[in-house]
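Single-letter residue listing:
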Amino acid sequence: SSEFNDNAVHDFIKAASAIIDEETGRTWKGIQTSTLETFDGDGTSWLWLGKTDIKSVSSVRIDDDLNGAYTAVTSTNTNTSSGAWVYTAEGLIILERNATQNAFTLGPKTVQVTYTYGNKRPTEQVRQLCMAIVKNMLTFNMDLQRWIDKTIDTLKFKGPVGLN
């Protein structure tokens, strides 16, 4: 009989996956999550979502007079959201010039964004990292830990860079 059964190994993999997600600020569990989040506006035309691996942004709504009522941002050209904003996989949304609102209203909880983020499949690098973390949980090795730390650092979401 082995020291660890299938359930124990599964628990180690689950714990290692959670460590990777927590340490990188990204989700690698092979799922994509759709969410509606509310953000503080800063009066600019760009907003950081605080997550990365953005797959789609389906709506952007702004409370432009701080009354708790949110209005969808649309394009002045076609009255649709198409062309009203652009977004990056790193989590940046920028309002376009033809958007019905030209800035994210300054104030607490003035912006609502519905978006999908996450990775459908972990990369091979993430799979190897997960295996290394599990191995190090079972038998600690400092060289392996250094490799784990370095690999996590390369996968880490660094947040907004260059737009301050």
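From a predicted model like this one, the values you see are computed outputs, not experimental measurements. (Residues numbered from 1 in each chain as written. Predicted model: local features only at pLDDT ≥ 70, side-chain atom pairs only at ≥ 80, totals over all residues. Heavy atoms only, no water.)

**A word on the environment of Gly-91**
Then step 1. Checked against the element boundaries, Gly-91 lands in the loop between β5 (85–87) and β6 (92–95).
Then step 2. Placed 50 residues apart in sequence, Gly-91 and Gly-41 show a C-alpha to C-alpha distance of 15 Å. (Helix = DSSP H or I, 4+ residues; strand = E, 2+ residues; numbered from the N terminus.)

**Remarks on the side chain of Gln-112**
Then step 1. Considering the arrangement of structural elements, one finds Gln-112 in strand β7 (residues 107–117).
Then step 2. For Gln-112, the side chain forms a polar contact with the side chain of Arg-61, separated by 2.4 Å.
Then step 3. Residues in contact with Gln-112, not counting those within four places in the same chain, are Leu-36, Glu-37, Thr-38, Ser-59, Val-60, Arg-61 and Tyr-70. (Polar contact = N/O pair within 3.5 Å; in protein donor to acceptor, adjacent residues only side chain to side chain. Contact = heavy atoms within 4.5 Å.)

**Considering the pattern of salt bridges**
Then step 1. Here the structure, examined in full by the defined rule, presents 4 salt bridges.
Then step 2. Its salt-bridge partner being Lys-51, residue Glu-37 comes within 3.0 Å of it at the nearest N-O pair. Here Lys-51 lies in the loop between β2 (46–48) and β3 (54–62) and Glu-37 lies in strand β1 (residues 33–41), a separation of 14 residues in the sequence.
Then step 3. One salt bridge connects Glu-124 with Arg-127, and the closest N-O pair in it is separated by 3.3 Å. Here the residue Glu-124 and the residue Arg-127 both occupy positions in helix α2 (residues 124–138), the gap between them amounting to 3 residues, near one helical turn. (Salt bridge = Lys/Arg side-chain N within 4 Å of Asp/Glu carboxyl O.)

**As for the packing of helix α1 (residues 6–24) against α2**
Then step 1. At a minimum axis distance of 9 Å, the contact between α1 and α2 shows a crossing angle of 120°. The angle between the axes of α1 and α2 places the two elements in the oblique class. For α1 against α2, the interelement crossing comes out right-handed. Contacts between α1 and α2 involve Phe-12, Ile-13, Ala-15, Ala-16, Ser-17, Ile-19 and Ile-20 from the first element and Val-126, Leu-129, Cys-130, Ile-133, Val-134, Met-137 and Leu-138 from the second.
Then step 2. Looking at the contact of α1 with α2 residue by residue, the class counts come to 13 nonpolar, 1 polar and no charged. (Axes fitted to C-alpha atoms, helices over the stretch in contact; angles between N-to-C directions. Parallel < 35°, antiparallel > 145°, perpendicular 65-115°, else oblique. Left-handed = near helix turned anticlockwise from the far one by under 90°. Nonpolar A, V, L, I, M, F, W, Y, C, P; charged D, E, K, R; others polar.)

**Remarks on the sheet that holds β1**
Then step 1. Read from one edge to the other, the open sheet built from 4 strands follows the order β1-β7-β3-β4, with strand pairing classed as antiparallel. Every interior strand has two partners, whereas the edge strands, β1 and β4 (71–72), have only one.
Then step 2. The pairing of β3 with β7 spans 7 bridges and is classified as antiparallel. Note that in β7 the partner of Ile-62 across the bridge is Val-111. (Pairing = 2+ DSSP bridges.)

**Focus on a nonpolar patch on the surface**
Then step 1. A surface patch of nonpolar side chains, about 440 Å² in accessible area, is lined by Phe-4, Val-9, Ile-13, Ile-19, Met-137 and Leu-138.
Then step 2. At the level of elements, α1 and α2 are the ones that each hand at least two residues to the nonpolar patch.
Then step 3. Looking at which element gives the most residues to the nonpolar patch, the answer is α1, with 3 residues.
Then step 4. Residue Val-9 is classed as partly exposed on the basis of its relative accessible area of 37%. (Patch = residues over 30% accessible without salt bridge, like charges linked within 9 Å, V, L, I, M, F, W, Y side chains within 5 Å. Areas by Shrake-Rupley, 256 points an atom, 1.4 Å probe, with all protein chains shown as cover. Buried < 20%, exposed > 50% of the residue type's maximum accessible area, 1.4 Å probe, protein only.)

**Quick look at the packing of aromatic side chains**
Then step 1. For the structure on display, the rule yields 1 aromatic pair.
Then step 2. Relative to Tyr-117, the ring of Tyr-115 has its centre 5.8 Å away and its plane inclined at 40°; by these criteria the two rings are tilted. Considered together, Tyr-115 and Tyr-117 belong to a single accessibility category, that of buried residues.
Then step 3. The ring centre of Tyr-117 lies 5.2 Å from the NZ or CZ of Lys-51, which sits over that ring. (Phe/Tyr/Trp six-rings, centres within 6.5 Å; stacked < 30°, edge-to-face > 60°. Lys NZ or Arg CZ within 6 Å of the ring centre and 35° of its normal.)

**Observations concerning the pairing of β3**
Then step 1. For β3 and β4, the ladder comprises 2 bridges, and the chain directions are antiparallel. Each bridged residue has a counterpart across the sheet, and for Arg-61 the counterpart in β4 is Ala-72.

**Here we look at the side chain of Gln-101**
Then step 1. Counting through the fold element by element, Gln-101 comes out in the loop between β6 and β7.
Then step 2. For Gln-101, a relative accessible area of 10% corresponds to the buried category.
Then step 3. Once residues lying within four places of it in the same chain are set aside, the contact partners of Gln-101 are Ile-62, Asp-64, Thr-71, Ala-72, Val-73 and Leu-95.

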